[in-house]
Amino acid sequence: MDKERTEFFRKLLNERLRALLVEAGATLGNLTEDQENLADAIDLASMESNRDFQLRIRDRERVLIHKIQEALGRLDEGEYGVCTHCGNDIAEKRLMARPVATHCIDCKTEFEQLERSSREL
Ligand SMILES: [Zn+2]
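Here the structure is a predicted model, which means the values were calculated and not measured.

Peer 1: Whenever I open this one, the overall build of the protein chain confuses me. Can you help?
Peer 2: Assigned secondary structure in the protein chain consists of six helices and zero strands. Overall, the protein chain shows an N-to-C arrangement of helices and strands of α-α-α-α-α-α. When contacts within the protein chain are restricted to residue pairs at least 6 apart in sequence, long-range pairs at least 24 apart make up 43% of them.

Here it is in structure tokens:
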């Protein structure tokens, strides 16, 4: 993935993260465009010890925040947009719809079929 695309997805992920944190009621000063404030909010969200803040974040949001943090980590590592199962590129269309995706559509489909068949047993 080239630098331009990387920055595009970084921005997209950061925006989603901020939206989630705002939704969770993060009143850490102003969650403006200020990257430093955003970084503080991310730190706070990942700190298990901050119970009050954690309690305000619902499970679904917590999982999503964690996934976004992981995706941002993969961006830094240069591994973003690569399927963690088969190593192929994840289609950009899929990343646009689901920027935290870690599997290409083929693997995802395969996993879902496996899951379904194991449930039927
Ligand atoms: Zn794959």
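Peer 1: Whenever I open this one, helix α1 (residues 3-23) confuses me. Can you help?
Peer 2: Every α-helix winds through 3.6 residues per turn, so residues three or four apart in the chain are directed the same way. Between its first and last C-alpha, α1 extends 30 Å over 21 residues, near the 30 Å set by a 1.5 Å rise per residue. The set of residues buried in α1 consists of Phe9, Leu13, Leu17 and Leu21. Each buried residue of α1 sits inside an arc of 110° when the element is viewed along its axis, so together they form one side. In α1, those exposed residues whose orientation departs by more than 90 degrees from the buried face are Glu4, Glu7, Lys11, Ala19 and Glu23.

Peer 1: Can you help me understand the environment of Ile65 in this one?
Peer 2: With respect to the secondary-structure elements, Ile65 resides in helix α4 (residues 59-77). The buried category is assigned to Ile65, around which 20 C-beta atoms lie within 10 Å. With 49 residues separating them in the primary sequence, Ile65 and Arg16 have C-alpha atoms 8.7 Å apart.

Peer 1: Got a minute to help me understand the nonpolar core in this structure?
Peer 2: Phe9, Leu13, Leu17, Leu21, Ile65, Ile68, Ala71, Tyr80, Ile90, Leu95, Ala101 and Cys104 form the largest nonpolar core, which has twelve residues in total. Among the elements of the structure, α1 and α4 are those that each provide at least two residues to this core. The element that contributes the greatest number of residues to this core is α1, accounting for four residues. Two domains share this core, each providing at least three of its residues, namely domain 1 (1-80) and domain 2 (82-121). What Ile90 contacts, discounting residues up to four positions off in sequence, is Gly81, Val82, Cys83, Leu95, Ala101 and Cys104.

Peer 1: Looking at this structure, I do not really get α4. What am I missing?
Peer 2: For α4, with 19 residues, the first-to-last C-alpha span of 27 Å sits near the 27 Å given by 1.5 Å per residue. Within α4, burial applies to Ile65, Ile68 and Ala71. Buried residues of α4, seen end-on, are gathered within an arc of 120° and therefore sit on one face of the element. Relative to its buried face, α4 has exposed residues pointing more than 90 degrees away, namely Asp59, Val63, Gly73 and Glu77. One or two steps after α4, the chain reaches Gly78, where phi turns positive at roughly 75°.

Peer 1: Just checking my understanding: could you explain the confidence of the model for the protein chain for this structure?
Peer 2: Detailed reading of the predicted model is not advised wherever pLDDT is low. Chain-level statistics for the protein chain give a pLDDT mean of 82 and a share of 72% at 70 or above. Ranking the elements of the protein chain by mean pLDDT puts helix α3 (residues 51-56) last with 62 and helix α5 (residues 92-97) first with 95. Segment residues 27-31: pLDDT under 50, and 13 contacts once partners within four positions in sequence are set aside and those in other chains are kept.

Criteria and thresholds
- Residues numbered from 1 in each chain as written.
- Predicted model: local features only at pLDDT ≥ 70, side-chain atom pairs only at ≥ 80, totals over all residues.
- Helix = DSSP H or I, 4+ residues; strand = E, 2+ residues; numbered from the N terminus.
- Contact = placed C-beta atoms within 7 Å.
- Expected span 1.5 Å × (residues − 1).
- Buried ≥ 20, exposed ≤ 12 C-beta atoms within 10 Å, placed from the backbone.
- Arc of directions from axis to C-beta.
- Core = buried A, V, L, I, M, F, W, Y, C linked by C-beta atoms within 7 Å.
- Domains from an automatic or database assignment.
- pLDDT = per-residue confidence, 0-100.

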